[in-house]
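# A structural walkthrough
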Amino acid sequence: AQSVTQPDIHITVSEGASLELRCNYSYGATPYLFWYVQSPGQGLQLLLKYFSGDTLVQGIKGFEAEFKRSQSSFNLRKPSVHWSDAAEYFCAVGPQGYSTLTFGKGTMLLVSP
Amino acid sequence: GAGVSQTPSNKVTEKGKYVELRCDPISGHTALYWYRQSLGQGPEFLIYFQGTGAADDSGLPNDRFFAVRPEGSVSTLKIQRTERGDSAVYLCASSLQSDSGANVLTFGAGSRLTVL
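Basis of the calculations
Residues numbered from 1 in each chain as written. Chains lettered and ligands numbered in written order. Predicted model: local features only at pLDDT ≥ 70, side-chain atom pairs only at ≥ 80, totals over all residues. Heavy atoms only, no water. Disulfide = S-S within 2.5 Å. Helix = DSSP H or I, 4+ residues; strand = E, 2+ residues; numbered from the N terminus. Buried < 20%, exposed > 50% of the residue type's maximum accessible area, 1.4 Å probe, protein only. 1 Å grid on protein atoms, 1.4 Å probe; cavity = no way out; pocket = protein on both sides within 12 Å on 5 of 7 lines; lining within 4 Å. Points joined across faces, edges and corners; volume = space filled by probe spheres on them. Nonpolar A, V, L, I, M, F, W, Y, C, P; charged D, E, K, R; others polar. Contact = heavy atoms within 4.5 Å. Buried area = accessible area lost by both parts, 1.4 Å probe. Polar contact = N/O pair within 3.5 Å; in protein donor to acceptor, adjacent residues only side chain to side chain. Salt bridge = Lys/Arg side-chain N within 4 Å of Asp/Glu carboxyl O. Pairing = 2+ DSSP bridges. Axes fitted to C-alpha atoms, helices over the stretch in contact; angles between N-to-C directions. Core = buried A, V, L, I, M, F, W, Y, C linked by side-chain atoms within 4.5 Å.

The next thing to look at is the state of the cysteines. The full count for this structure, using the stated rule, is two disulfides over all chains. Each sulfur in the disulfide pair A:Cys23 and A:Cys91 lies 2.0 Å from the other. The S-S bond linking A:Cys23 to A:Cys91 shows a torsion near -65 degrees; that makes this disulfide left-handed. Placement of A:Cys23 in the loop between strand S3 (19-21) and strand S4 (24-26) and of A:Cys91 in strand S10 (residues 87-94) is noted, with a sequence separation of 68 residues between them. Like A:Cys23, the residue A:Cys91 is buried in the burial classification. A sulfur-sulfur distance of 1.9 Å marks the disulfide that ties B:Cys23 to B:Cys92. Looking down the S-S bond of the B:Cys23 and B:Cys92 bridge, the torsion is -70 degrees, so its handedness is left-handed. Taken together, the positions of B:Cys23 in strand S3 (residues 19-24) and B:Cys92 in strand S9 (residues 88-95) put the pair 69 residues apart, joining distant regions of the chain. Take B:Cys23 and B:Cys92: they sit in the same class, and that class is buried.

The next point concerns the layout of surface pockets. In this model, the largest pocket occupies a volume close to 740 Å³. When contributions to the lining of the largest pocket are tallied by element, the ones reaching two or more residues are S10 of chain A together with S9 and strand S11 (111-115) of chain B. Counting residues per element, the lining of the largest pocket draws most heavily on S11(B), which supplies three residues. Classifying every residue of the lining of the largest pocket gives nine nonpolar, 17 polar and three charged.

Further remarks concern the interface of chain B and chain A. Frequently, the measure chosen for interface size is the accessible area removed from exposure when the parts meet. With 21 residues of chain B at the interface, the matching set in chain A holds 20 residues. Both sides together, the interface formed by chain B and chain A hides about 1600 Å², and carbon and sulfur atoms give 56% of it. Area buried by chain B at its contact with chain A is led by B:Pro43, B:Val104 and B:Phe107, which between them contribute 25% of it. Here chain B and chain A share three residue pairs in polar contact (both at pLDDT 80 or more) between them. Listing elements by their share of the side of chain B that touches chain A, those giving two or more residues are strand S4 (31-37) and strand S5 (44-50) of chain B. Split into classes, the residues belonging to the side of chain B that touches chain A amount to 11 nonpolar, nine polar and one charged.

With that out of the way, let us pick up the environment of A:Leu19. Residues and elements named next belong to chain A. Its place among the elements puts leucine 19 in strand S3. The class for leucine 19 is buried, based on a relative accessible area of 4%. When sequence neighbours within four positions are dropped, the list of residues in contact with leucine 19 reads Ile11, Val13, Phe63, Leu76, Arg77, Lys78, Val81 and Leu109.

For the coordinates displayed, the defined rule picks out six salt bridges over all chains. With its nearest N and O atoms 3.2 Å apart, the salt bridge here joins A:Arg77 to A:Glu64. Taken together, the positions of A:Arg77 in strand S9 (residues 73-78) and A:Glu64 in strand S8 (residues 64-68) put the pair 13 residues apart, joining distant regions of the chain. Residue B:Asp86 pairs with B:Arg64 through a salt bridge whose shortest N-O separation is 2.8 Å. You can see B:Asp86 sitting in the loop between strand S8 (75-79) and S9 and its partner B:Arg64 sitting in the loop between strand S6 (53-56) and strand S7 (65-68), a full 22 residues away along the chain. A cluster of three or more residues bridged by salt bridges with shared partners is formed by A:Glu64, A:Glu66 and A:Arg77.

Okay, the sheet that holds S7(B) next. All names here are of chain B. Strands sit in the order S1-S3-S8-S7 across an open sheet of four strands; the sheet is antiparallel. Each edge of the sheet is formed by a strand with only one pairing partner; in this case those strands are strand S1 (5-7) and S7. Across the sheet, the mean angle separating the axes of adjacent strands is 15 degrees when strand polarity is ignored. Two strands pair when backbone bridges link them, and S1 and S3 are joined in this way by three bridges, in the antiparallel orientation.

Residues and elements named next belong to chain A. Counting 26 residues, the largest nonpolar core has Leu19, Trp35, Leu47, Leu48, Phe74, Leu76 and Tyr89 as its most contacted members. Secondary structure elements with two or more residues in this core: strand S2 (10-14), S3, strand S5 (32-38), strand S6 (44-50), S8, S9, S10 and strand S12 (107-112). The element best represented in this core is S10, accounting for four residues. If near-sequence neighbours (up to four positions away) are discounted, leucine 76 is found in contact with Leu19, Glu20, Leu21, Trp35, Leu47, Leu48, Phe63, Glu64, Ala65 and Tyr89.

This is the structure we're talking about:
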């Protein structure tokens, strides 16, 4: 069965500092990988996705993620965090064929002044 | 519509009551998904529709939960004899269905259900 682990429940980053959110997955084949962001009272918004090809993918709002097959990881990064980035971030994995995604438990990002 | 619309946004009910949650997907999206997000957890898959039929209902927790999509557009998630443990945010998502399987889900804002 597929699974996603986000080892950090909360992360606090100073505004302007760099960010890396960790995601490890377990899946028996080549996965589709996603990062979503959820602000309070809002739905999940897609930040970026990996289907195939270049293992470094660019997303919206200046985010990027790198697929590392050898480490079963898909970590999310941003070089300079803004206060508006404070939200909960979810990593998800899905099979090729159709999109029944399995989500991690999420990482809450807090941005300090 | 422009996005996925879910109603009601909030629903408070008493234990044992029946509840219906509605999802109106993006126009033209043939695939529709229901997820449940409990406090402090990530979304958990409930059921997936392709057109009018439920292609995968393996995530429904028990037979108190049922969902329909009679005309291949709007879907209703139905919960009978609600229990306190059903309290959660119920998320709906829709997507185009491509042959490559590289589908991207667009989520609604969710329906928060509280069972007292």
